[in-house]
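Examining the three-dimensional arrangement
Next come the chains, spelled out residue by residue.
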Amino acid sequence: MNILEKLGREALFSLEPERAHRIGIKALASGLLPKPSPVVRDGRLATTLAGLSFANPVGVAAGFDKDAEVPDALLDIGFGFTEVGTLTPKPQIGNPAPRVFRLVKEHGVINRLGFNNGGHAAALSRLKSVKTNGPIGVNIGANKDSEDRIADYVSGIERFYSVADYFTVNISSPNTPGLRDLQGQEQLRELLSRVYEARGKQIEAGAETVPIFLKIAPDVAEEDLPGIVEEVKAHGIEGMIVSNTTLSRATLERDPGEAGGLSGRPVFERSTIMLAKTRKLAGPDMAIIGVGGVEDTKTAVTKIKAGADAVQIYTGMIYGGPKIAERICSGLVEFMEQESLSSLTEIRDADVDEWAAKSLR
């Protein structure tokens, strides 16, 4: 990070986190951020995942661009793909503020936003006008007051099918009461059945197959993980995203006493263990995206070696700035040259046994 980036970060950190985030979105929307070097499109970084082609395996996680305001701008600054949302059928304001807290020393964030977004209609209108140079995923969720949460996910498939390059079924947020209950095998079976059926109707009507990913929490009990993977495989779901924020505070020196999901560097180990355990259960063919604490080349490589085909970033961008994708991609190319690799797939799963053997804490 150069001196200008550091000064910019200090200025943003002087502001309340949500206000700083809005300024970041506006800066991206302005189109004035510098373009990345060609390294982000180095052919050796090209990744194919669930039938989709990514220029590089470094993406933006859901939560940053909740309302699909800047997906094209994020691709323009070097990310290989991006994911909008989480989007719910009806607009909702989320939980009361303050609801986002920086843990600067730990390079972490606690949030209890609660799926704040402008709803399906507003996001769909924006996505219809986007011209992109990379895949855009649509992360779908349920309204807090929904009487049929599974129907909300079905609605997401139906509303965004014409504009989504992939869908993420998000049942992993800790900030909507009861949402994580959908990770239970019986409820998950019904959810995935109805989502798969909704996609099937689109295909029967002549549309192409849009891949679906299931996003899980890092707090899933280890004994429950096999059932989740079993349902994903049984229902023809193409992949998984591992993982979301954690409720655990075990990695913090001091618990700040704020409710919500913890992200960033403090969740790296837990999410990577969950990733490796998922890969062991899923086998080599399922597409898996690793999320949680990715902030540089080293952490990206670690995720890939633990079983990830690609990685996503959110908190890492808060601390690393808008050029983080370019820096990671540059580091990945250097790593590949040093290791005489032609593709990052050559190292995927290299350390999966080591990580899978670790205990969650």
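The preceding data block contains the structure.
Every chain begins its residue count from 1, and numbering advances along the sequence as written. Local features in this predicted model are restricted to residues of pLDDT 70 or higher, and side-chain atom pairs are both shown and tallied only at a pLDDT of 80 or more, whereas totals for entire chains, interfaces and linings draw on every residue. Side-chain descriptors were evaluated using all non-hydrogen atoms of the structure, hydrogens and water having been removed beforehand.

A tally of regular secondary structure across the chain gives twelve helices and 13 strands. Scaling as 2.2 N^0.38, a compact globule of 361 residues should have a C-alpha radius of gyration of about 21 Å, and the chain matches this with 19 Å. Taking the principal axes of the C-alpha coordinates as reference, the chain spans close to 50 × 45 × 45 Å. Considering the chain as a whole, with its 361 residues, one finds that 57% of them fall into the buried category. In this description a helix means any DSSP run of H or I spanning at least four residues, a strand means any run of E spanning at least two, and both kinds are numbered starting from the N terminus. For a compact globule the rule gives 2.2 Å times the number of residues to the power 0.38, and the radius of gyration it is set against comes from C-alpha atoms. Only protein chains enter the accessibility calculation, which uses a 1.4 Å probe. A residue is then buried if its area is under 20% of the maximum for its type, exposed if over 50%, and partly exposed in between.

Looking at where His21 falls in the secondary structure, it is placed in helix H2 (residues 17-30). His21 gets classed as partly exposed once you look at its relative accessible area, which sits at 22%. Put simply, His21 and Asp65 are 44 residues apart on the chain and 9.7 Å apart in space, counted from C-alpha to C-alpha. Once residues lying within four places of it in the same chain are set aside, the contact partners of His21 are Gly63, Phe64 and Tyr314. Between two residues, a contact is recorded if the distance between any of their heavy atoms is within 4.5 Å.

The subject of this paragraph is the packing of aromatic side chains. Ring pairs are drawn from Phe, Tyr and Trp, using the six-membered ring of Trp, whenever the two centres fall within 6.5 Å, and their geometry is named by plane angle: stacked under 30 degrees, edge-to-face over 60, tilted for the rest. Considering all chains together, one arrives at six aromatic pairs under this definition. On the numbers, 5.5 Å between centres and 90° between planes, the contact of Phe13 with Tyr319 is edge-to-face. Placement of Phe13 in helix H1 (residues 3-13) and of Tyr319 in helix H10 (residues 315-320) is noted, with a sequence separation of 306 residues between them. Here the aromatic rings of Phe64 and Tyr314 are separated by 5.7 Å at their centres, their planes lie at 90°, and the arrangement is edge-to-face. Taken as a pair, Phe64 in strand E3 (residues 58-65) and Tyr314 in the loop between strand E13 (310-313) and H10 lie far apart in primary sequence, 250 residues in all. For Phe64, a relative accessible area of 9% gives the class buried. Exposure remark for Tyr314: the relative accessible area of 23% places this residue in the partly exposed category.

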